[in-house]
Amino acid sequence: MKKNERRMAVLGDIGSVIGFRGLGLEVHATGPEVDTHKLLRDMIRSEQYAVIFMTEAAMTEVHDLVETHRFDYMPALVPIPASTGNQGIGQDAIRVSVRKAVGFDIFANKEQKE
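Rules used in this analysis
Along each chain, residues carry numbers from 1 onward, in the same order as the chain's sequence is written. Where local features are concerned, this predicted model is filtered to residues with pLDDT of at least 70; where side-chain atom pairs are given and counted, the filter is 80 or more; whole-chain, interface and lining totals use all residues. To get the side-chain values, take all heavy atoms of the structure and skip hydrogens and water. For this analysis, a nonpolar core means a set of buried residues of the types Ala, Val, Leu, Ile, Met, Phe, Trp, Tyr and Cys, connected via side-chain atoms within 4.5 Å. Between buried and exposed lies partly exposed: a residue is buried under 20% and exposed over 50% of the maximum accessible area for its type, with that area taken using a 1.4 Å probe on protein chains only. Every helix listed is a DSSP run of H or I at least four residues long, and every strand listed is a run of E at least two residues long, numbered separately from the N terminus. What makes two residues a contact is simply this: any of their non-hydrogen atoms within 4.5 Å. Two strands qualify as a pair provided DSSP detects at least 2 bridges between them. To define axes, lines are fitted to C-alpha atoms, for helices over the stretch in contact only, and angles between the resulting N-to-C directions are given on a 0 to 180 degree scale. Put simply, a salt bridge is a Lys or Arg side-chain nitrogen that is within 4 Å of an Asp or Glu carboxyl oxygen.

Below, the discussion takes up the nonpolar core. By size, the foremost hydrophobic cluster in this structure holds 14 residues, and its most contacted members are Leu40, Ile52, Met54, Val66 and Leu77. Mapped by element, the contributors of at least two residues to this core are strand S1 (7–13), helix H2 (36–46), strand S3 (49–55), helix H3 (56–61) and helix H4 (63–68). Ignoring anything within four residues of it in the chain, the contact list for Ile52 reads Ala9, Leu11, Leu40, Met43, Pro75, Ala76, Leu77 and Val78.

Within the secondary structure, Glu56 sits in helix H3. The sequence separation of Glu56 and Ile80 amounts to 24 residues, and the corresponding C-alpha distance is 5.9 Å.

What follows deals with the sheet that holds strand S2 (residues 26–30). Reading across the sheet, the four strands line up as S2-S1-S3-S4 and stay open at both edges, with parallel pairing between neighbours. The open sheet terminates on both sides in strands that have one partner only, identified here as S2 and strand S4 (76–80). In this sheet, adjacent strand axes meet at a mean angle of 20° when their direction is disregarded.

In the segment running from Met74 into Pro75, the intervening peptide bond is cis, with an omega of -5°. Along the chain, Pro75 turns up in the loop between H4 and S4. The phi dihedral of Glu47 is positive, around 55°, even though this residue is not glycine. As for its placement among the helices and strands, Glu47 is situated in the loop between H2 and S3.

So, about the side chain of Thr55. Tracing the backbone shows Thr55 in strand S3. Thr55 has contacts with Leu11, Gly12, Asp13, Ser16, Val17, Ile80 and Ala82, leaving out every residue within four places of it along the chain.

Now for the pattern of salt bridges. Tallying each qualifying case throughout the model produces three salt bridges. A salt bridge links Glu26 to Arg7, with the nearest nitrogen and oxygen atoms 2.9 Å apart. On the criterion of sequence distance, the pair formed by Glu26 in strand S2 and Arg7 in strand S1 is long-range, its members being 19 residues apart. Classification of Glu26 by relative accessible area gives partly exposed; the value is 23%. The closest approach of N and O atoms between Asp42 and Lys38, which form a salt bridge, is 2.6 Å. Taken as a pair, Asp42 and Lys38 lie in helix H2 at a separation of four residues, close to a single helical turn. For Lys38, a relative accessible area of 40% translates into the label partly exposed.

Shown next, in the form of structure tokens:
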């Protein structure tokens, strides 16, 4: 597969990800009967995906695998909130990256600085 032909997918509970099918993304549902770790590992190894969006719950479930591939060029592993709510994982990742880049937490509010 050519690099410019790579696909985008979304991984998570069916209620949170099914709507992405209408946007042309591949939908991979997770749940008790699905080995999410194996599913994500196989998707990464296939080298067919440029971006894999994952609900925060799914990302938490496979945290070790996500950390292993965090700085890989492809696929980009991007957290998205689930239909049940936002856990703040994406925001926390951005906060850590920005803190490393500029040397301090630019997102901290006044109370946290004092």
